[in-house]
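What the coordinates show
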Amino acid sequence: MVEDLVPELRAALGAVLPSGWRDAAPWGYPAQGELALITGVYASQIPPASIAEIGDNVMRRRPGKLLDDLAELVELEPDGISQIIGERWGDSTVLGVPRRRAEVIHESARLLVGTGIRTAKDFQEAVREREPSVANLLLAVRGLGPGTWESIAFMVHAPLKPGPDVAAYVRSLLGPDGEDLELDQVRELIRLTARKFAAEQRVLAFALRQHVDERARMSGELAGA
């Protein structure tokens with residue numbers, strides 16, 4: 001059934017996604033868990049150019065490190081994490097939450113390490129095997145919401161189920177044919193549709209997330225006008 005819906009979704013997305021969406025998704029850090037966590041915490045709230053700057057800062061301030069052991073972030077403590085991120089963003093706080101992002105990163109690393117997740121590969125496997133428990137673990141961190149959770153998972157190349165808003169949008173594009181699709185089916189449909197676009201699943205998922213967020217933003221602006 002899901003396979004039968006691929007042409008319909010491909011046509012619908014081809015009409016709404018912006019040109020260049022295939023090149024818009026950042027590559028992330030699929031072999032550097034520390035960088036994936038750090039940049040993921042920032043990625044949902046600051047521009048892509050600044051994310052690249054943060055990644056460069058961390059690599060320059062930790063020469064010779066593989067940057068793939070979250071236990072090392074735990075050892076740095078929040079102040080140490082702030083220093084490697086750099087002056088511009090190191091002491092910045094989460095939007096709407098009076099808490100430094102360095103503290104969010106440190107607590108997240110500590111909780112992940114406590115469950116045996118230390119490397120990027122550990123993270124990918126954990127999400128694949130027990131996504132809800134990993135999500136709930138991080139969503140319990142003050143200052144880390146669903147958007148940040150998705151950003152972290154994206155940066156480490158962990159295969160997430162689509163968020164409820166993205167799934168609802170995909171269903172809406174399909175009309176009656178999409179009404180009864182479960183989240184796992186929507187994820188599979190996105191994967192198969194990405195293949196038809198000659199793109200990776202994560203790239204199409206990123207484009208969908210950006211598009212749905214932009215629709216929500218514009219809807220909010222119109223409501224407030």
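Residues numbered from 1 in each chain as written. Predicted model: local features only at pLDDT ≥ 70, side-chain atom pairs only at ≥ 80, totals over all residues. Heavy atoms only, no water.

1. Some details on the packing of helix H2 (residues 33-43) against helix H6 (residues 101-114)
For any two helices packed against each other, the geometry comes down to the angle between their axes and how far apart the axes lie. Spelled out, the test is: Structural elements are reduced to axes, namely lines fitted to C-alpha atoms, with helices fitted over the stretch in contact, and the angle between N-to-C directions of any two is expressed from 0 to 180 degrees. Here a strand is any run of E in DSSP of at least two residues, a helix any run of H or I of at least four, and the numbering for each starts at the N terminus. Comment on the angle field: the value is read as roughly parallel under 35 degrees, roughly antiparallel over 145, roughly perpendicular from 65 to 115, and oblique elsewhere. It is the rotation of the near helix from the far one that decides the hand of a crossing: anticlockwise by less than a right angle makes it left-handed, clockwise makes it right-handed. Every residue pair with non-hydrogen atoms within 4.5 Å of one another is taken to be in contact. Following the grouping adopted for this structure description, the nonpolar residues are Ala, Val, Leu, Ile, Met, Phe, Trp, Tyr, Cys and Pro, the charged ones are Asp, Glu, Lys and Arg, and the polar ones are all others, Gly among them.
The N-to-C vectors of H2 and H6 enclose an angle of 135°; their axes lie 10 Å apart at closest approach. Looking at the two axes, H2 sits oblique to H6. In this structure, H2 meets H6 at a crossing whose hand is right-handed. Of H6, the residues touching H2 (which contributes Leu 37, Ile 38, Val 41 and Tyr 42) are Arg 101, Val 104, Ile 105, Ser 108 and Ala 109. The residue makeup of the contact of H2 with H6, split by class, is seven nonpolar, one polar and one charged.

2. A few points about helix H10 (residues 183-196)
Short version of the rule: Helices are assigned an expected span. That span is 1.5 Å times one less than the residue count. Burial classification: accessible surface area is computed with a 1.4 Å probe over protein chains only, and a residue below 20% of its type maximum counts as buried, one above 50% as exposed, and the rest as partly exposed.
Taking 1.5 Å as the rise per residue, H10 with 14 residues should run 20 Å; its terminal C-alpha atoms sit 20 Å apart, in good agreement. By the burial criterion, the buried members of H10 are Val 186, Leu 189, Ile 190, Leu 192, Thr 193 and Ala 194. One or two steps after H10, the chain reaches Ala 198, where phi turns positive at roughly 60°.

3. Quick notes on the packing of aromatic side chains
Any pair of aromatic rings gets described here by the distance separating the centres and the angle formed by the planes. For the record, the criterion: Geometry of aromatic contacts follows a simple scheme: Phe, Tyr and Trp rings, the Trp one being its six-membered ring, pair when their centres are within 6.5 Å, and the pair is stacked under 30 degrees between planes, edge-to-face over 60, tilted otherwise. Our definition puts a charge over a ring when NZ of Lys or CZ of Arg is within 6 Å of the ring centre and also within 35 degrees of the ring normal.
The full count for this structure, using the stated rule, is three aromatic pairs. Seen from their ring centres, Phe 154 and Phe 206 are 5.0 Å apart, and the 35° between their planes marks the pair as tilted. Placement of the pair is Phe 154 in helix H8 (residues 146-155) and Phe 206 in helix H11 (residues 201-224), with a sequence separation of 52 residues. Accessibility expressed as a relative area gives 13% for Phe 154, which makes it buried. Overall, the relative accessible area of 18% leaves Phe 206 in the buried class. Cation over ring: Arg 10 sits above Phe 197, and NZ or CZ is 4.8 Å from the ring centre. One Lys or Arg, Arg 202, reaches over the ring of Phe 154 and ends 4.3 Å from the middle of that ring.

4. Quick word on the packing of helix H1 (residues 2-16) against H10
In contact at an axis separation of 9 Å, H1 and H10 are set at 65° when each is read in the N-to-C sense. Judged by the sense of rotation from one axis to the other, the crossing of H1 with H10 is right-handed. Here H1 contributes Val 2, Glu 3, Leu 5, Val 6, Leu 9, Arg 10 and Leu 13 to the contact with H10, which in turn contributes Gln 185, Glu 188, Leu 189, Leu 192, Thr 193 and Lys 196. A breakdown of the residues in the contact of H1 with H10 according to their chemical character gives seven nonpolar, two polar and four charged.

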